[in-house]
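Structure at a glance
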Amino acid sequence: MRVLRVALYTLCVLALLGLGALVFLLKTHPTVRFPESLETKTSESVRTLFLGTSSMAWTDGQSTWLVDGFFSRQPLGNVVFTRLTVDEMQINAVTAEMFKRLNMPSALSGIVVAHSHYDHSMDAPFLAKQFGAKVVGSESTWQIAKGQDLPATQMELVPGRGRVKLGEFEIELIQSAHAPTGFTGGFNSKPVFLPAHALQFKEGISYSFVVSHPGLGPGPFALIQPSAGYVEGQNKGIAVKHVFLGMGGLGKLSEAYIEKYWQEMVMNTGASNVYLIHWDDFTQPLMKQGQSQALKPMPKLLDDLEKSLELLKMFSKRDGVNLQVLDAWQMVYF
Ligand SMILES: [Zn+2]
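Procedures and definitions
- Residues numbered from 1 in each chain as written.
- Predicted model: local features only at pLDDT ≥ 70, side-chain atom pairs only at ≥ 80, totals over all residues.
- Heavy atoms only, no water.
- Pairing = 2+ DSSP bridges.
- Helix = DSSP H or I, 4+ residues; strand = E, 2+ residues; numbered from the N terminus.
- Axes fitted to C-alpha atoms, helices over the stretch in contact; angles between N-to-C directions.
- Contact = heavy atoms within 4.5 Å.
- Donors = N, O, S within 2.8 Å, 3.2 Å for Na, K, Ca; no water.
- Buried < 20%, exposed > 50% of the residue type's maximum accessible area, 1.4 Å probe, protein only.
- Core = buried A, V, L, I, M, F, W, Y, C linked by side-chain atoms within 4.5 Å.

What to know about the sheet that holds strand E6 (residues 155-157)
Taken in spatial order, the seven strands line up as E6-E5-E4-E3-E2-E1-E16 in an open sheet, and their pairing is mixed. Taken across any chain shown, the strands that pair with only one partner, and hence form the sheet edges, are E6 and strand E16 (331-333). Ignoring strand direction, the axes of neighbouring strands in this sheet form an average angle of 20°. The sheet contact formed by strand E1 (residues 47-50) and strand E2 (residues 56-59) spans four bridges and is antiparallel. For Leu49, the partnering residue across the bridge sits in E2 and is Ala57. Sheet contacts for helix H3 (residues 88-102): E1, E2, strand E3 (64-67) and E16; angle to E1, the most-contacted strand, approximately 150°. Sitting on the sheet, helix H6 (residues 139-147) touches strand E5 (134-137) and E6, and the angle it makes with E6 is about 160°.

Shown next, in the form of structure tokens:
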């Protein structure tokens with residue numbers, strides 16, 4: 001009898017332990033990172049693929065256009081010590097992956113160039129020739145295009161403020177300002193022939209881009225601010241839901257400056273979604289041995305992403321705005 005009682009008791013304990021383990025397992029959820037792009041929108045909607053710095057590929061499923069398209073991203077040693085040229089192999093690898101992810105044919109209707117520094121303008125003429133696009137930008141950018149033999153018919157000059165139509169998209173260019181980094185100012189007044197040193201690419205005009213699409217209503221829906229600069233009141237009368245906010249060099253500027261920048265770009269446009277761009281170390285490649293790469297922040301010596309990000313997080317919380325840091329190859333749907 002005693003043996004039977006012990007056996008029954010043991011069975012009960014085991015059953016309870018088993019039940020406990022089952023409950024524990026049922027209540028424990030694995031950590032799964034869902035792909036960002038799995039939102040409610042279909043792949044046919046207006047979308048943009050972020051590609052580091054302020055480079056982005058926009059499409060509505062009909063036509064595709066770029067902001068900047070800087071894909072060469074030469075290593076730091078080359079930037080400092082050598083004269084630069086377009087890295088065609090790297091560009092081909094990046095664009096092949098880009099069109100694949102966009103699910104679009106390899107053609108571009110246009111490339112709007114934020115300003116004429118090499119990390120915005122350098123690859124645009126090559127891309128325009130390769131994919132039949134026109135380059136849109138300042139006279140300073142035109143000189144870079146001339147240096148790469150882009151026909152004048154594929155260049156559209158916008159002196160200050162203007163509009164350009166790329167497929168169904170309409171992009172308004174607004175004269176803005178570069179982040180006060182110490183590398184600003186100057187115009188290219190002669191063709192910039194390659195190879196050329198990074199410092200030979202003079203800023204020219206720094207633009208903001210205001211994007212509209214009839215599929216998303218009559219007014220603009222997005223503002224792209226490639227460089228972390230502003231002209232006071234530049235966005236007067238502009239209301240958008242989405243702001244792509246350039247961060248380059250912001251971490252080395254004062255808190256007052258960063259707050260003013262937030263005010264001009266986000267509060268003054270009434271945006272509810274902010275996507276941070278141009279925060280990455282652009283001497284690192286977007287593709288390596290056929291594999292797409294994640295971005296890395298700028299070395300602390302050059303920028304202080306931790307500081308600027310902390311502040312922007314604080315402002316976004318205070319003002320009830322969604323804030324997202326975009327990584328390379330991340331798609332945003334509208
Ligand atoms: Zn710049």
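Focus: the coordination of the zinc ion
Those donors, His115 (NE2), His117 (ND1) and His178 (NE2), are the protein atoms that reach the zinc ion, and they lie 2.1 to 2.2 Å from it. Counting the intervening residues between successive donors of the zinc ion yields the motif H-x1-H-x60-H. You can see His115 sitting in the loop between strand E4 (110-112) and helix H4 (118-121) and its partner His178 sitting in the loop between strand E8 (169-175) and strand E9 (207-212), a full 63 residues away along the chain. His115 gets classed as buried once you look at its relative accessible area, which sits at 1%.

A word on the nonpolar core
One finds Trp58, Trp65, Met98, Ile224, Phe244 and Leu245 to be the most contacted residues of the largest nonpolar core, which totals 101 residues. Sort the elements by how many residues they give to this core and helix H7 (residues 255-267) lands first, with six residues. Setting aside its immediate chain neighbours within four residues, Leu245 contacts Gln225, Tyr261, Trp262, Met265, Val266, Val274, Tyr275, Leu276, Ile277 and Leu312.

Points about the environment of Ala222
Inspection of the secondary structure assignment puts Ala222 in strand E10 (residues 220-225). When the C-alpha atoms of Ala222 and Ser212 are compared, they prove to be 7.1 Å apart, with 10 residues separating the residues in sequence. Sequence-distant contacts of Ala222, defined by excluding residues within four places in its chain, comprise Trp58, Phe209, Val210, Val211, Val240, His242 and Phe244.

A few points about the sheet that holds strand E11 (residues 242-246)
Strands sit in the order E7-E8-E9-E10-E11-E12-E15 across an open sheet of seven strands; the sheet is mixed. In this open sheet, the two strands that pair with only one neighbour each are strand E7 (162-166) and strand E15 (322-325). Averaged over all pairs of adjacent strands, the angle between strand axes in this sheet comes to 20°, irrespective of strand direction. Of the pairings in the sheet, the one linking E10 to E11 comprises four bridges and is parallel in character. In the sheet register, Ala222 faces E11, and the bridge partner there is His242. This element, H7, spans E10, E11, strand E12 (273-277) and E15 of the sheet and lies at about 150° to E11.

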